[in-house]
Structure formats: structure tokens, C-alpha cells
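# Working through the structure, step by step
Residues per chain are reported as follows:
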Amino acid sequence: MEPLGDLRLEPLPGEMPRALARRGAECWEVAGVIAEAAWAMDDATLLLASTDDISQEDALHLSLLEPGGTVESVTLGAAYTTGNFRVLEASTDQLVFEFFGGPPWCLTVLPAPVWRWPLSDPRGVSRTGGWKSRLRIGVLPRPGA
């Protein structure tokens with residue numbers, strides 16, 4: 001993952017926090033209005049971390065973007081919680097981060113879609129997509145636990 005500094009969000013009107021993510025001539029409609037970070041996965045694929053900017057109801061959206069549109073997105077959120085996004089490690093295909101203040105999360109970007117059991121994600125995770133996924137997310141054990 002190569003960090004990007006040239007992706008920007010333009011909030012859209014409406015009740016749900018949504019924005020247009022722009023990078024050069026490319027444009028995607030995404031959830032969230034604050035761009036926390038973005039990475040280039042390869043020449044055509046980007047990973048965007050965005051938040052809603054709603055006190056006590058903030059959510060983190062991790063969106064996989066390609067020139068044809070949003071491939072998939074994963075959202076972390078829960079009622080009456082506020083997160084603080086902090087990257088702990090970003091490697092070629094994995095992002096380790098904190099959001100809720102508990103143990104770290106790990107997002108793996110797979111090169112091709114794989115079968116995914118419905119309702120197999122950790123508590124507080126929702127996603128777009130169906131039976132196949134390129135985004136695998138989990139909670140890492142705390143060191144020493």
C-alpha cells in the first residue's frame with residue numbers, strides 16, 4: 001500500500017454522510033465525509049478510509065475503489081460510540097489499525113474475490129457485497145492475551 005495525498009472528499013447533501021471522492025479525473029460516491037487516509041493498492045485500485053464526522057455515532061468506512069466504481073466497502077460502527085482512526089501498520093495488502101480504542105483491527109485486501117459466509121464478520125461490522133469478498137476484516141488479539 002502506497003499512501004496517497006491527492007484524494008479529496010466533497011460532501012453531498014442529504015441525511016446520510018456521503019461524499020464524492022475525487023482523484024484526478026476519477027470520481028466515486030462513497031460513505032463518509034472525512035478522508036482519514038487513502039492508499040494505492042496498484043495502478044488502478046485504491047483503498048479509502050473515511051468517517052462520518054458525527055459525534056457519538058461515528059463510523060469508519062473502508063472502501064475499495066477501482067476506475068469502474070466502488071468494488072466493496074466495509075463499515076465499522078455502533079450506536080453511541082465514537083471512534084478515532086489510527087493506522088498501526090500498512091503493508092502490501094494489509095492494514096492494521098485502531099478505531100474504537102479496543103484491540104487492533106486487521107483489514108486484508110485480497111487479489112480476487114473469495115467465498116464469504118454471511119454474518120461471519122466481527123460484531124460492529126457491516127458491508128456491501130454478497131457471497132464473495134475481496135476485503136477480509138478481523139480483530140487481532142491483544143499482545144499478551
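One can find the structure itself at the top, above this paragraph.
Now for a description of the structure that goes with this document. Since we're looking at a predicted model, the values are computed, not measured.

### Details of the side chain of Arg134
Looking at where Arg134 falls in the secondary structure, it is placed in strand β13 (residues 132–139). Among the polar contacts made by the side chain of Arg134, one reaches the side chain of Glu66 at a distance of 3.0 Å. Here Arg134 is in contact with Thr45, Leu64, Glu66, Val71, Glu72, Thr108, Val109, Leu110, Pro111, Ala112 and Pro113, once residues within four sequence places are set aside.

### Notes on the sheet that holds β13
Spatially, 4 strands are ordered β9-β10-β11-β13 in an open sheet, and the strand pairing comes out antiparallel. Looking along the sheet, the strands with just one partner apiece sit at the ends: β9 (86–90) and β13. The mean inter-strand angle of the sheet, taken between neighbouring strand axes irrespective of direction, is 25 degrees. As defined by bridge partners, strand β11 (residues 105–115) adjoins β13 across 7 bridges and the pair is classed as antiparallel. Among the inter-strand pairings, Leu107 is bridged to a residue of β13, identified as Ile137.

### A closer look at the environment of Arg127
Relative to the helices and strands, Arg127 resides in strand β12 (residues 125–127). Here the alpha-carbon distance between Arg127 and Arg22, two residues 105 residues apart in the chain, equals 22 Å. Not counting residues within four places of it along the chain, the set of residues in contact with Arg127 comprises Glu72, Ser73, Val74, Arg116, Asp121, Ser133, Leu135 and Ile137. Within polar-contact distance, the side chain of Arg127 engages the side chain of Glu72 at 2.7 Å.

### Quick notes on the environment of Val114
Assignment of secondary structure puts Val114 in strand β11. The residues contacting Val114, other than those within four sequence positions of it, are Trp131, Lys132, Ser133 and Arg136.

### So, the packing of aromatic side chains
In total, this model carries 5 aromatic pairs according to the counting rule given. Ring plane angle 85 degrees and centroid distance 5.8 Å describe the contact between Trp115 and Trp117, whose orientation is recorded as edge-to-face. Members of the aromatic cluster, connected to one another through ring pairs, are Phe99, Phe100 and Trp105.

### Things to note about the pattern of salt bridges
On inspection of all chains with the given rule, the structure shows 9 salt bridges. Ionic pairing is found between Asp6 and Arg23, a salt bridge with its closest N-O pair at 2.8 Å. In this pair, Asp6 is assigned in the loop between β1 (2–3) and β2 (8–11) and Arg23 in strand β3 (residues 18–23), connecting sequence segments 17 residues apart. Taking the relative accessible area as the measure of exposure, Asp6 reaches 44% and is therefore partly exposed. A salt bridge links Arg134 to Glu66; the shortest N-O distance between them is 3.0 Å.

### Brief notes about the nonpolar core
Leu62, Leu76, Leu95, Phe97, Leu107 and Ile137 are the most contacted members of the largest nonpolar core, which has 20 residues in total. Contributing elements (two or more residues each) for this core: β6 (46–51), β7 (59–66), β8 (69–77), β10 (94–98), β11 and β13. Ignoring sequence-local partners within four residues, the contact set of Phe97 consists of Leu60, Leu62, Leu76, Phe85, Arg86, Val87, Leu88, Pro104, Trp105, Leu107 and Ile137. Within the second largest apolar cluster, 12 residues are counted, among which are Leu7, Leu9, Trp28 and Leu48.

Thresholds, definitions, all that
Residues numbered from 1 in each chain as written. Predicted model: local features only at pLDDT ≥ 70, side-chain atom pairs only at ≥ 80, totals over all residues. Heavy atoms only, no water. Helix = DSSP H or I, 4+ residues; strand = E, 2+ residues; numbered from the N terminus. Polar contact = N/O pair within 3.5 Å; in protein donor to acceptor, adjacent residues only side chain to side chain. Contact = heavy atoms within 4.5 Å. Pairing = 2+ DSSP bridges. Axes fitted to C-alpha atoms, helices over the stretch in contact; angles between N-to-C directions. Phe/Tyr/Trp six-rings, centres within 6.5 Å; stacked < 30°, edge-to-face > 60°. Salt bridge = Lys/Arg side-chain N within 4 Å of Asp/Glu carboxyl O. Buried < 20%, exposed > 50% of the residue type's maximum accessible area, 1.4 Å probe, protein only. Core = buried A, V, L, I, M, F, W, Y, C linked by side-chain atoms within 4.5 Å.

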